[in-house]
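These are the residues of each chain, in order.
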Amino acid sequence: PVIHVLNGPNLNLLGTREPEIYGHDTLADVQALCERTADQDGGATVVFRQSNHEGKLIDWIHQARTEASALVINPAGYGHTSVALLDALKALTIPIVECHLSNPAARERFRHRSYVSPVARGVIAGFGPQSYELAVKAALTLVRVADK
Ligand code: DQA
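Residues numbered from 1 in each chain as written. Predicted model: local features only at pLDDT ≥ 70, side-chain atom pairs only at ≥ 80, totals over all residues.

Engineer: Please clarify how the environment of L71 should be interpreted in this entry.
Structural biologist: As for its position among the elements, L71 is in strand 3 (residues 70–74). Along the sequence, L71 and F127 sit 56 residues apart, while their C-alpha atoms lie 19 Å from each other. Contacts of L71, omitting those with residues within four sequence positions, involve H4, L6, A64, L92, I94 and I96. (Helix = DSSP H or I, 4+ residues; strand = E, 2+ residues; numbered from the N terminus. Contact = placed C-beta atoms within 7 Å.)

This is the structure in structure tokens:
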């Protein structure tokens, strides 16, 4: 199976951006963790992408419709604001797993709303980079269950 992992705005700065919240690992470290996880979990392929641009993320969501077995998405700030991202995700039939490094529910009020959660099969948040590991594992489990 192929798992697409999409990352929203500012996540390219991971490791240097508010490290007291997001930690010191870089996005490249997170990508390596996802690839290792998928490899150990039955040899799945990870396509890992990041953009600061809403339209780019939407184009990639459209691509996932035909190219991915499941989608893991950390929408970052757009998760709290983007109806367009929600609409794009609604066009998918593959399982969607929402993923966050921090736990938005434990932070400012404006982070409590997610436009992605209603279309996600589940949300993994608050475990730092390990959120991605758990999200990839969850996505692969959902793919396997669907294949049975
Ligand atoms: C985030 C949480 C969001 O509230 C924030 O806007 C981000 C990162 C996380 O991974 O913890 O950019 O999605």
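Engineer: Explain the site of the ligand to me, please; I cannot follow it from the model alone.
Structural biologist: Around the ligand, the neighbouring residues are N10, N74, A76, G77, H100, L101, S102, P104 and R111. Here the shell around the ligand is composed, by residue class, of three nonpolar, five polar and one charged. (Near = placed C-beta within 6 Å. Nonpolar A, V, L, I, M, F, W, Y, C, P; charged D, E, K, R; others polar.)

Engineer: So what exactly am I meant to see when it comes to the sheet that holds strand 2 (residues 45–50) here?
Structural biologist: The strands that make up a sheet pair up through hydrogen bonds in the backbone, lying either parallel or antiparallel. Read across the sheet, five strands follow the order 2-1-3-4-5 without closing on themselves; strand pairing throughout is parallel. The open sheet terminates on both sides in strands that have one partner only, identified here as strand 2 and strand 5 (122–125). Across this sheet, the average inter-strand angle for adjacent strands is 20°, counted without regard to direction. In this sheet, strand 4 (residues 96–100) lies alongside strand 3 in parallel orientation, the contact comprising three bridges. Looking at the pairing, V72 lines up with V97 of strand 4. Against the sheet, helix 3 (residues 54–67) contacts strand 1 (2–7), strand 2 and strand 3, and its axis sits at roughly 170° relative to strand 1. Running over the sheet, helix 5 (residues 130–147) touches strand 1, strand 2, strand 3, strand 4 and strand 5 and is turned about 175° from strand 4. (Pairing = 2+ DSSP bridges. Axes fitted to C-alpha atoms, helices over the stretch in contact; angles between N-to-C directions.)

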